[in-house]
Amino acid sequence: MVHFVGAGPGAPDLITRRGAALLQTADCIIYAGSLVNPALLGLAKAGCAIYNSAEMTLEQVLAVMRQMEAEHKTTVRLHTGDPCLYGAIREQMDALDADGIAYDDTPGVSSFCGAAAALNAEYTLPAVSQTVIITRMEGRTPVPEKEKLASLASHGATMVIFLSIGLIDKVQEALLQGAYTASTPAAVVYKATWPEQKTVRCTVGTLAQSTKQAGITKTALIVVGDFLGRCYARSKLYDPAFTTEYREGIKP
Ligand code: SAH
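Quick look at the structure, then. Since the model is a prediction, treat every value here as computed from it, not as a measurement.

1. A look at the pattern of salt bridges
Alright, step 1. Enumeration over the complete set of coordinates arrives at 8 salt bridges.
Alright, step 2. Note that Glu-71 and Lys-73 form a salt bridge whose closest N and O atoms lie 3.1 Å from each other.
Alright, step 3. With a relative accessible area of 33%, Lys-73 lands in the partly exposed category.
Alright, step 4. One salt bridge in this structure joins Glu-145 and Lys-148, with 3.6 Å as the shortest N-O distance.
Alright, step 5. Three or more residues are tied together by salt bridges with common partners; here these are Glu-138, Glu-145 and Lys-148.

2. Remarks on helix α6 (residues 168-177)
Alright, step 1. Regarding α6, the residues found buried are Ile-168, Val-171, Gln-172, Ala-174 and Leu-175. All buried residues of α6 lie within an arc of 165° about the axis, which places them on one face of the element. In α6, those exposed residues whose orientation departs by more than 90 degrees from the buried face are Glu-173 and Gln-177.
Alright, step 2. At its buried positions, α6 is contacted by α5 (149-152), β7 (158-162), α7 (207-213) and β10 (220-224).

3. Concerning the sheet that holds strand β1 (residues 2-6)
Alright, step 1. Pairing is parallel in the open sheet, where 5 strands are placed in the order β3-β2-β4-β1-β5. A strand with exactly one partner marks an edge of an open sheet, and here the two such strands are β3 (49-52) and β5 (103-106). Between one strand and the next, the sheet's axes are offset by a mean angle of 15°, whatever the strand orientation.
Alright, step 2. The sheet contact formed by β1 and strand β4 (residues 75-79) spans 5 bridges and is parallel. Bridge pairing links His-3 to Val-76 in β4.

4. Digging into the site of the ligand
Alright, step 1. In the vicinity of the ligand lie 18 residues, with Pro-9, Leu-85, Ser-111, Ala-192 and Ala-220 positioned nearest.
Alright, step 2. Pro-9 is positioned such that a nitrogen or oxygen atom in its backbone is 2.8 Å from a nitrogen atom of the ligand.
Alright, step 3. Take Lys-191: an N or O atom from its main chain is 3.5 Å from a nitrogen atom of the ligand.
Alright, step 4. In the complex, 94% of the free accessible area of the ligand, which totals 550 Å², lies under the protein chains.
Alright, step 5. Of the residues contributing to the shell around the ligand, the split by class is 11 nonpolar, 5 polar and 2 charged.
Alright, step 6. Here the shell around the ligand gathers at least three residues from each of two domains, domain 1 (2-106) and domain 2 (111-228).

Reading guide: rules and limits
Residues numbered from 1 in each chain as written. Predicted model: local features only at pLDDT ≥ 70, side-chain atom pairs only at ≥ 80, totals over all residues. Heavy atoms only, no water. Salt bridge = Lys/Arg side-chain N within 4 Å of Asp/Glu carboxyl O. Buried < 20%, exposed > 50% of the residue type's maximum accessible area, 1.4 Å probe, protein only. Helix = DSSP H or I, 4+ residues; strand = E, 2+ residues; numbered from the N terminus. Arc of directions from axis to C-beta. Contact = heavy atoms within 4.5 Å. Pairing = 2+ DSSP bridges. Axes fitted to C-alpha atoms, helices over the stretch in contact; angles between N-to-C directions. Near = heavy atom within 4 Å. Polar contact = N/O pair within 3.5 Å; in protein donor to acceptor, adjacent residues only side chain to side chain. Areas by Shrake-Rupley, 256 points an atom, 1.4 Å probe, with all protein chains shown as cover. Nonpolar A, V, L, I, M, F, W, Y, C, P; charged D, E, K, R; others polar. Domains from an automatic or database assignment.

So yeah, pure geometry; function would need other evidence.
Set out below in structure tokens:
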């Protein structure tokens with residue numbers, strides 16, 4: 001059996017209890033070496049075979065999984081954050097389906113949640129934005145035409161941009177073509193939840209310059225939107241005048 005497991009954003013104690021238990025019992029761990037905290041490999045049992053997928057192709061990853069399956073062994077495929085975002089799990093799952101190899105998926109804390117925590121931020125502030133757009137700038141991996149950054153930026157919603165810190169000039173340019181202005185708040189979070197975590201607060205107009213000044217070139221998220229500003233409306237749910245299924249509102 002193959003277990004896809006979300007490792008969480010970096011801090012080793014942010015993996016789920018289920019994910020940790022699977023790591024402790026695995027006969028083989030294939031981990032996404034560039035981003036998964038190696039401290040998690042300390043959970044592996046003695047004799048566990050460990051592979052760094054950063055140095056492997058999909059075919060090589062599948063070959064290891066098939067070999068383990070043939071020996072009736074358990075493999076953990078450890079992905080950073082949550083496997084469902086930019087995890088390239090679908091192609092692995094489809095190949096396992098074709099081979100009749102059973103698998104399951106254990107979620108993890110995505111880095112976009114780690115970044116919000118690092119900023120003490122709420123992405124969905126009432127009267128500011130109720131939508132989070134998760135996307136990336138096109139680079140060597142293309143992005144469908146209708147999802148181009150400038151077009152998504154036209155909503156002015158909260159935006160979290162993965163895998164794009166190396167293209168920061170283009171990101172800034174695309175954001176300014178949308179609904180954001182040079183003074184819209186933005187932030188860059190480097191290695192959220194790792195000991196070396198760094199946060200840079202800036203505006204869309206100073207995004208590229210601030211990122212370069214901070215020396216951030218990889219493993220970072222760009223977050224944009226007025227959720228980083230001062231103004232918002234308070235929640236209805238906790239408003240004393242608001243009646244809910246659990247609480248009678250008091251008349252003002
Ligand atoms: N599945 C992962 C994302 C993998 S794509 C998740 O859910 O987080 C890899 C990209 O994620 C990196 O280029 C970076 O943009 C972002 N990333 C991953 N871990 C990060 C962290 N701890 N802090 C900031 N960004 C991170």
